[in-house]
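# Structural features, examined
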Amino acid sequence: MFRGVSPLTLDAKGRISMPAKHRDRLIERCGGHLVVTVDRDGCLLIYPLPDWEEVEAKLVRLSSTNKRARSLKRLLMGHAEELDLDGSGRVLLPAPLREFAKLDKHVVLVGQGNKFELWDEPTWHRLRDEWLAEDEGEDGELPGDLESLAF
């Protein structure tokens, strides 16, 4: 499981260095083979290849006659690119995906269990603060699968 927030620097060539705490797990899990794609919230999603293949198999099975399903498939699968960790633990992010997520020099890698989100650092801080503010005073109903979650 990948967890935690790691501030990183995007180098001039568009590479990030995966945090050391994740490298061994990535080598063990997928031999350093990753897939990056876009997310509707404006970040990039980075999956170990086997986890991406599970997502991709589910996407392929979605109906091609459903407009939302087609849109989701086009976004996620259409923008998916394979990446490999180099000998220094870096990955080169394709320029069109960096542009999509508005990634500049300072980025944030956020562990999300089976994947990572990669955010432009100022965007991450702004949205995180908005999410925290939304939760203040939130007495709304929780989705059913979250009702039993205690923390």
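Up top is the structure these notes are about.
What counts and what doesn't
Residues numbered from 1 in each chain as written. Predicted model: local features only at pLDDT ≥ 70, side-chain atom pairs only at ≥ 80, totals over all residues. Heavy atoms only, no water. Salt bridge = Lys/Arg side-chain N within 4 Å of Asp/Glu carboxyl O. Helix = DSSP H or I, 4+ residues; strand = E, 2+ residues; numbered from the N terminus. Buried < 20%, exposed > 50% of the residue type's maximum accessible area, 1.4 Å probe, protein only. Phe/Tyr/Trp six-rings, centres within 6.5 Å; stacked < 30°, edge-to-face > 60°. Pairing = 2+ DSSP bridges. Axes fitted to C-alpha atoms, helices over the stretch in contact; angles between N-to-C directions. Contact = heavy atoms within 4.5 Å. Arc of directions from axis to C-beta.

## Brief notes about the pattern of salt bridges
In this structure the tally under the stated criterion is 5 salt bridges. For Arg-15, the salt bridge is made with Asp-11, and the minimal N-O distance between the two is 2.7 Å. Linking Arg-126 and Glu-130 is a salt bridge whose minimum nitrogen-to-oxygen distance equals 3.2 Å. Placement of the pair is Arg-126 and Glu-130 together in helix α5 (residues 121-135), with a separation of 4 residues, close to one helical turn.

## Details of unusual backbone geometry
Positive phi, close to 55°, is recorded for Lys-102, a residue that is not glycine. A residue is classified by how much of its surface remains accessible, and Lys-102, at 62% relative accessible area, is exposed.

## Brief notes about the packing of aromatic side chains
For the coordinates displayed, the defined rule picks out 5 aromatic pairs. Consider the rings of Trp-119 and Trp-131, whose centres lie 6.1 Å apart with planes at 75°: the pair is edge-to-face. With Trp-119 in strand β8 (residues 116-120) and Trp-131 in helix α5, the pair connects residues that are 12 residues apart, well separated along the chain. Trp-119 gets classed as buried once you look at its relative accessible area, which sits at 2%. Its relative accessible area of 32% is what places Trp-131 among the partly exposed residues.

## Points about the sheet that holds strand β5 (residues 81-84)
Read from one edge to the other, the open sheet built from 6 strands follows the order β1-β7-β8-β4-β3-β5, with strand pairing classed as antiparallel. Of all the strands in the sheet, just β1 (5-9) and β5 have a single pairing partner and so form its edges. Direction aside, the axes of adjacent strands within the sheet are offset by 30° on average. Sheet topology note: the strand β4 (residues 44-48)/β8 ladder contains 3 bridges and is antiparallel.

## Some details on the environment of Val-5
Structurally, Val-5 can be placed in strand β1. On the basis of relative accessibility, which here comes to 45%, the residue Val-5 falls in the partly exposed class. A C-alpha to C-alpha distance of 6.6 Å links Val-5 and Val-108, two positions 103 residues apart in sequence. With residues near it in sequence (within four places) discarded, Val-5 still touches Val-108, Leu-109, Val-110 and Trp-124.

## Digging into helix α1 (residues 20-30)
Of all the positions in α1, only His-22, Leu-26 and Cys-30 are classed as buried. End-on, the buried residues of α1 take up no more than an arc of 40°, which puts them together on one face. Relative to its buried face, α1 has exposed residues pointing more than 90 degrees away, namely Ala-20, Asp-24 and Glu-28. Those residues of α1 hidden inside the fold are in contact with β3 (33-38), β4, α2 (49-61), β7 (106-111) and β8. Trailing α1 by a residue or two, Gly-31 shows a phi angle of about 60°, which is positive.

## A word on the pairing of β3
The buried fraction of β3 amounts to 5 of the 6 residues, a majority that puts the element mostly inside the structure. Looking at chain direction, β3 and β5 are connected through 4 bridges and run antiparallel. From the neighbouring strand, Leu-34 faces β5, where its bridge partner is Leu-83. The sheet contact formed by β3 and β4 spans 5 bridges and is antiparallel. What sits directly across from Leu-34, in β4, is Pro-48. Remark: 5 residues form the turn of the hairpin made by β3 and β4, two consecutive strands paired antiparallel; Gly-42 in that turn has positive phi of roughly 100°.

Interpretation in functional terms is not warranted from these geometric data alone.
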